[in-house]
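Observations on the three-dimensional arrangement
Single-letter residue listing:
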Amino acid sequence: MEVAPEIEELVEVEEDLGQEDIKSLIVHNDDFNTFDHVINTLIKVCKHDVHQAEQCTYIIHYKGKCSVKNGSFHELKPMKDGVTDAGISATIE
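What this report covers is the structure whose coordinates are included nearby. (Residues numbered from 1 in each chain as written. Predicted model: local features only at pLDDT ≥ 70, side-chain atom pairs only at ≥ 80, totals over all residues. Heavy atoms only, no water.)

Points about the packing of helix α2 (residues 35-46) against helix α4 (residues 73-85)
It is the contact of α2 with α4, at a shortest axis distance of 10 Å, that shows an interaxial angle of 150°. Our classification of the angle between α2 and α4 gives roughly antiparallel. Remark: the crossing between α2 and α4 carries right-handed chirality. In this structure, α2 contributes T41, V45 and C46 to the contact, and α4 contributes M79, G82 and V83. Class assignment of the residues belonging to the contact of α2 with α4 gives a composition of 4 nonpolar, 2 polar and no charged. (Axes fitted to C-alpha atoms, helices over the stretch in contact; angles between N-to-C directions. Helix = DSSP H or I, 4+ residues; strand = E, 2+ residues; numbered from the N terminus. Parallel < 35°, antiparallel > 145°, perpendicular 65-115°, else oblique. Left-handed = near helix turned anticlockwise from the far one by under 90°. Contact = heavy atoms within 4.5 Å. Nonpolar A, V, L, I, M, F, W, Y, C, P; charged D, E, K, R; others polar.)

Structure representation (structure tokens):
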């Protein structure tokens, strides 16, 4: 009969770990990518709408970087790869 409490504790630990795993995809400014290229990449790769992509691009330009998407590492890794494959600097933090 002791098996049930151990299983319950394991489930609670897994739920806690899932909540702590939220990361941010950060896109960094550079001196060679155009606004249009960054906007189009955010629309294509991160599924932003035009307005969201434009705002993120301005933040990237004026602040040096912007968190463009939040999620698990597993969700963000393909997006980071898509952004960097387009020649734009990005990290997951």
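Some points on the pairing of strand β1 (residues 23-28)
Across the 6 residues of β1, 5 count as buried, placing the element largely inside the fold. Judged from the 6 bridges that link them, β1 and strand β2 (residues 65-71) form a sheet pairing that is antiparallel. By the bridge assignment for β2, K23 is matched with G71. Note: β1 against strand β3 (residues 90-92), 3 bridges, orientation antiparallel. Across the sheet, the residue bridging to I26 is T91, located in β3. (Buried < 20%, exposed > 50% of the residue type's maximum accessible area, 1.4 Å probe, protein only. Pairing = 2+ DSSP bridges.)

Details of the nonpolar core
By size, the foremost hydrophobic cluster in this structure holds 18 residues, and its most contacted members are L25, V27, L42, C46, V68 and V83. If you list the elements that add at least two residues to this core, you get β1, α2, α3 (50-63), β2, α4 and β3. The greatest single-element share of this core, amounting to 5 residues, is contributed by α2. The residues contacting C46, other than those within four sequence positions of it, are L25, T41, V68, K69, M79 and V83. (Core = buried A, V, L, I, M, F, W, Y, C linked by side-chain atoms within 4.5 Å.)

As for the packing of aromatic side chains
Scanning the model with the defined rule gives 2 aromatic pairs in all. Here the aromatic rings of F35 and Y58 are separated by 5.2 Å at their centres, their planes lie at 50°, and the arrangement is tilted. Here Y58 lies in helix α3 and F35 lies in helix α2, a separation of 23 residues in the sequence. Its relative accessible area of 33% is what places F35 among the partly exposed residues. Taking the relative accessible area as the measure of exposure, Y58 reaches 44% and is therefore partly exposed. Through pairs of rings, three or more aromatic residues link up here, namely F35, Y58 and Y62. (Phe/Tyr/Trp six-rings, centres within 6.5 Å; stacked < 30°, edge-to-face > 60°.)

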